[in-house]
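What follows is each chain in one-letter form.
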Amino acid sequence: MRRETQNILLILLGGALLKLSFTDMYLRYVKAGLQPLLIAAGAIMILLAGLAIVRDLRATKEVEVHDDHGHGSSRSPWMLLLPVLAVFLIAPPALGADTVNRSDRNAAQESKSLNGFAALPEGAVIPLSLGEFVTRTAWDDSGSLDDRVVKLTGFVARKNDSTYVARLAISCCAADASPIKVRMTGGGGFDSMPTDQWVEVTGKVVPGSATKETAYVPTLTVAEIAPIATPVDTYES
Amino acid sequence: MTITSEIRGRRSSGRGPLRGKVTSLEVLCLLLVLALVLQDWLVGVLDAPQLRTAATVFVAVCVQAMPFLVFGVLISGAIAAFVPASALRRLLPKRTALAVPVAGLAGVALPGCECASVPVARRLMQQGVPPAVALSFLLAAPAVNPIVLVATAVAFRDAPMMVPARFVGSLLTAVVMGWLWTRFGKAEWIAERALRKFEEREGVSRWTVFTETARHDLVEAGGFLVLGGVFAAAFNVLVPTAWMETLGAQIVLGVIVMAFLAVILALCSEADAFVAVSMTALPLLPRLVFLVVGPAVDVKLFALQAGTFGKSFALRFAPATFVVAIASALAAGAVFL
C-alpha cells in the first residue's frame, strides 16, 4: 500500500475515534472513563499522519526522508478501513436483548461480599439500578425489599416464554458485557412491549425468588410499565 | 490532485511507471464511494440481531484497543529513536537465561493491555535484545502490571488469593516461554521484516525517527488488530457461550473449556477478571486458567503476532504459549487456591 493511502486511512480512523468521543456515541462501545484516552489516541493518529504528509510535501528528490518498508507488500493496513466504515456509515447500536440471551452469567453476583447493605431510602417508590436490585434480592437476607415498591429501568428481553427487564454491565468495553435481568410477572401489559424497548417498571419483588435454582434472577410483580427513550449510556457498571 | 501526483511522480523511483497503473489511492477512493452509495443497503443487510451484536462487538474491540495500541507504538518509536542498543545491553544481564525473568518482571512497568506490548517487544528485538528476552516481556507485560492486578483484586473480593495466583501463573508462563525459546527457538521463524532496523540516514532527526517509526508500527499493527476484532466479534456470536459456561462446571473439562474461551473471547486484560468473576457456576481453578491464558494468547493477539513477527512464528509460538499458560495456571492454582 502507498504511504499516502496509509496516511489517509490513519486520518480517517483518528477522525472516527474523535467523532465517537465527541458525540456520546462512544458510550455504546466502551465505558465513559475511556473518553480522554480515545480523544488522545485519535489526535495522535491524525498528528502522526499529518507529520508524514507534511514531510512528504517538503521532501525533494534528494532528501527522501523515509520509504515504506516492504514496498507495498503489506495489505494489512486495508483492514483499518473496516472500523472507519462501521463507525461513519453503520454506527452499530448499543448491545441489547440478543446479548442478554447469549450468556447465563449474572453480573450482579459479584458484589456478594459487600458487608451488609445500606438502608433503603424512604418514600413510596424507590428507584434502584438493576444491578443493586438483583444483588439485594439475592444476598440481602434481611428482606428489606419485601413489600417495598421499586422502580427499575432497562430494556425488554424475552427467553423461553419469560419476559425480562434487563440491562448489560460492562467493565471495559462491550465485548465483556454481562447481563443483569429481572423476570416480570403480573400485569401492566409488558407482553405487548417489543423486545429491546426501553421501559420504566414499578412493582414489588416476589420474596425468595432469587435463588440458586433461578440462577439468582429475581421475579418482579409488575404494577406499572411505561416505555421511555433509550438513555445515552445504556450500560451499568 | 495535481500537486500530489507531481510529488508522487518525483518520489516514484523504484516503483515502476505510475501512468496507467491503479494505485492504492484510487482503490481507496473507489471503496469509499462504493460504501457511501451502498450505505442504505449495508445498513439493511446488517439489521439482523446477530449481525448487529457482532458489529457492535467489533467496533467495541477496535475502539477499546486503539488507545493502548497508540500508547504501544509511541513507546516503540521512543525506543527506536532515543534508546541506543548499548543501553539496553547494559541494563539486562548478559546471560539470556537470567535476562528472561528480569524482562518478565519488567513487564510490571508497562501499564496497558496486550495490544501495547507487541510493538514494544518487536522494537526491543530490533535494538538487539535477544528474542527470548523480548518475548518474555511480551507475555508478562499485559498480565502482571499494577492496573490488571488491581482490577483482579477488585473483581475477586471474595477470593483475594486470585491476585497472587494470577501474578505467579502469568509470570511463570512468560519465563518458561522465554527459556523454551532460548533452548528451541530459531531466529529464522521470526520474519525478517520484524527485525529490520529503521534506516538511519544523514540529516534525519531523532524526532523524525520517532514519529515515522510510530506511524509505521501503528499502520501495520492497527490492521492486524482490526482483523483480530473481526474474529473476536464472529466468535462472540457464533460460539454458544452460555453452553460452554455450564460445561465448565466439571473441573477437567472446565479448565479446557475456559482456556479455549479465553482465546476466542479476546478480552482486554484489564476487564477479563470482571467476566471471570461473573461466571459463578465455575470453581476458581478454571477461572484462573481463563485469566492466565487470555493475556498470553487470544485471537486478537494471534493476529497481531502473525502480522508483526510473521506467520511461521505465530503458528509455533501461540500453541506453545497456550499449553504452557494452562500448565502454569494449574501450578499457580495448586499453590495458591
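The structure displayed is predicted, hence computed values, not measured ones.

*Asks:* Tell me about the overall build of chain B, residues and numbers included.
*Replies:* Regarding its fold elements, chain B presents 18 helices and zero strands. In summary, chain B has a C-alpha radius of gyration of 22 Å against a globular reference of 20 Å for 337 residues, a match within 12%. Judged by the C-alpha coordinates and their principal axes, chain B covers about 65 × 60 × 30 Å. Long-range contacts, defined as pairs at least 24 residues apart, comprise 85% of the intrachain contacts of chain B with a sequence gap of at least 6.

*Asks:* Explain the overall build of chain A residue by residue, including any values.
*Replies:* What chain A contains, in helices and strands, is five helices and six strands. When the helices and strands of chain A are read in sequence order from the N terminus, they spell out α-α-α-α-β-α-β-β-β-β-β. Residue burial in chain A is summarised as follows: out of 237 residues, 45% are buried. Partitioning the intrachain contacts of chain A with sequence separation of at least 6 by distance along the chain shows that 73% fall at a separation of at least 24.

*Asks:* Tell me about the interface of chain B and chain A, and please be specific about residues and values.
*Replies:* Contacts between the two partners involve 69 residues from chain B, matched on the other side by 71 residues from chain A. If you list the elements that add at least two residues to the side of chain B that touches chain A, you get α1 (2-11), α2 (24-37), α3 (39-45), α4 (49-82), α12 (206-238), α13 (241-247) and α15 (272-278) of chain B. The class makeup of the residues in the side of chain B that touches chain A is 37 nonpolar, 20 polar and twelve charged.

*Asks:* Got a sec to walk through helix α8 (residues 131-144) of chain B? Specific residues and values, please.
*Replies:* Counted at 1.5 Å a residue, the expected span for α8 of chain B with its 14 residues is 20 Å, and the 20 Å between its end C-alpha atoms agrees. Most of α8 of chain B sits inside the fold, with 14 of its 14 residues counted as buried.

*Asks:* Which residues make up the environment of Pro-83 of chain A, and what are the values?
*Replies:* Along the chain, Pro-83 of chain A falls in helix α3 (residues 81-90). Residues in contact with Pro-83 of chain A, not counting those within four places in the same chain, are Leu-13 and Ala-16 of chain A together with Val-59, Cys-62 and Val-226 of chain B.

*Asks:* Lay out the pairing of strand β5 (residues 198-205) of chain A in plain terms, naming residues and giving numbers.
*Replies:* All names here are of chain A. Bridge count for strand β2 (residues 149-159) against β5 is six bridges, and the pairing is antiparallel. In the sheet register, Gly-154 faces β5, and the bridge partner there is Val-199. Across seven bridges, β5 lies against strand β6 (residues 219-227) in antiparallel orientation. Counted as the bridge partner of Thr-202 is Glu-224 from β6.

*Asks:* So what about the environment of Thr-211 of chain A? Which residues, and what values?
*Replies:* Residues and elements named next belong to chain A. Structurally, the position occupied by Thr-211 is in the loop between β5 and β6. Thr-211 gets classed as exposed once you count the C-beta atoms within 10 Å, which come to 12. The spacing of Thr-211 and Trp-139 is 72 residues in sequence and 9.4 Å in space, taken between C-alpha atoms.

*Asks:* Summarise the confidence of the model for chain A; cite the residues concerned and give the values.
*Replies:* All names here are of chain A. Residue-level pLDDT values for chain A average 85, and 90% of them are 70 or greater. For chain A, the element scoring lowest by mean pLDDT is helix α5 (residues 130-139), at 85; helix α1 (residues 3-22) scores highest, at 94. Per-residue pLDDT stays below 50 along residues 61-72; that stretch engages in 16 contacts with residues further than four places along the chain or on separate chains.

*Asks:* Could you give an account of the packing of α1 of chain A against α2 of chain B, naming the residues involved and the relevant values?
*Replies:* Two elements in contact, α1 of chain A and α2 of chain B, have axes separated by 8 Å at closest approach and are oriented at 35 degrees. Taken together, the residues of α2 of chain B that come into contact with α1 of chain A (itself represented by Glu-4, Thr-5 and Ile-8 of chain A) are Ser-24, Leu-25 and Leu-28 of chain B. Split by residue class, the contact of α1 of chain A with α2 of chain B holds three nonpolar, two polar and one charged.

*Asks:* Account for the environment of Val-22 of chain B, naming residues and giving values.
*Replies:* All names here are of chain B. If you trace the backbone, Val-22 turns up in the loop between α1 and α2. Of the residues examined, Val-22 has 9 C-beta atoms within 10 Å and is grouped as exposed. Separated by 299 residues in sequence, Val-22 and Thr-321 place their C-alpha atoms 42 Å apart.

*Asks:* I'd like a rundown of the packing of α1 of chain A against α3 of chain A, residues and numbers included.
*Replies:* Residues and elements named next belong to chain A. Between α1 and α3, the least distance of the axes is 9 Å, while the angle of their chain directions is 40 degrees. As for the relative orientation of α1 and α3, their crossing is left-handed in sense. Residues Leu-9, Leu-12, Leu-13, Ala-16, Lys-19 and Leu-20 of α1 form the contact with α3, whose participating residues are Leu-81, Pro-83, Val-84, Val-87 and Phe-88. Grouping the constituent residues of the contact of α1 with α3 by class yields ten nonpolar, no polar and one charged.

*Asks:* Break down unusual backbone geometry for me, with residues and values.
*Replies:* Residues and elements named next belong to chain A. Even without a glycine there, the phi angle at Asp-161 is positive, about 70 degrees. Position of Asp-161 among the secondary structure elements: in the loop between β2 and β3 (162-169). With 5 C-beta atoms counted inside 10 Å, the residue Asp-161 sits in the exposed group. Despite not being glycine, Asp-196 has its phi angle at roughly 75 degrees, a positive value.

Definitions and limits used
- Residues numbered from 1 in each chain as written.
- Chains lettered and ligands numbered in written order.
- Predicted model: local features only at pLDDT ≥ 70, side-chain atom pairs only at ≥ 80, totals over all residues.
- Helix = DSSP H or I, 4+ residues; strand = E, 2+ residues; numbered from the N terminus.
- Rg over C-alpha atoms; globule rule 2.2 N^0.38 Å.
- Contact = placed C-beta atoms within 7 Å.
- Buried ≥ 20, exposed ≤ 12 C-beta atoms within 10 Å, placed from the backbone.
- Nonpolar A, V, L, I, M, F, W, Y, C, P; charged D, E, K, R; others polar.
- Expected span 1.5 Å × (residues − 1).
- Pairing = 2+ DSSP bridges.
- pLDDT = per-residue confidence, 0-100.
- Axes fitted to C-alpha atoms, helices over the stretch in contact; angles between N-to-C directions.
- Left-handed = near helix turned anticlockwise from the far one by under 90°.

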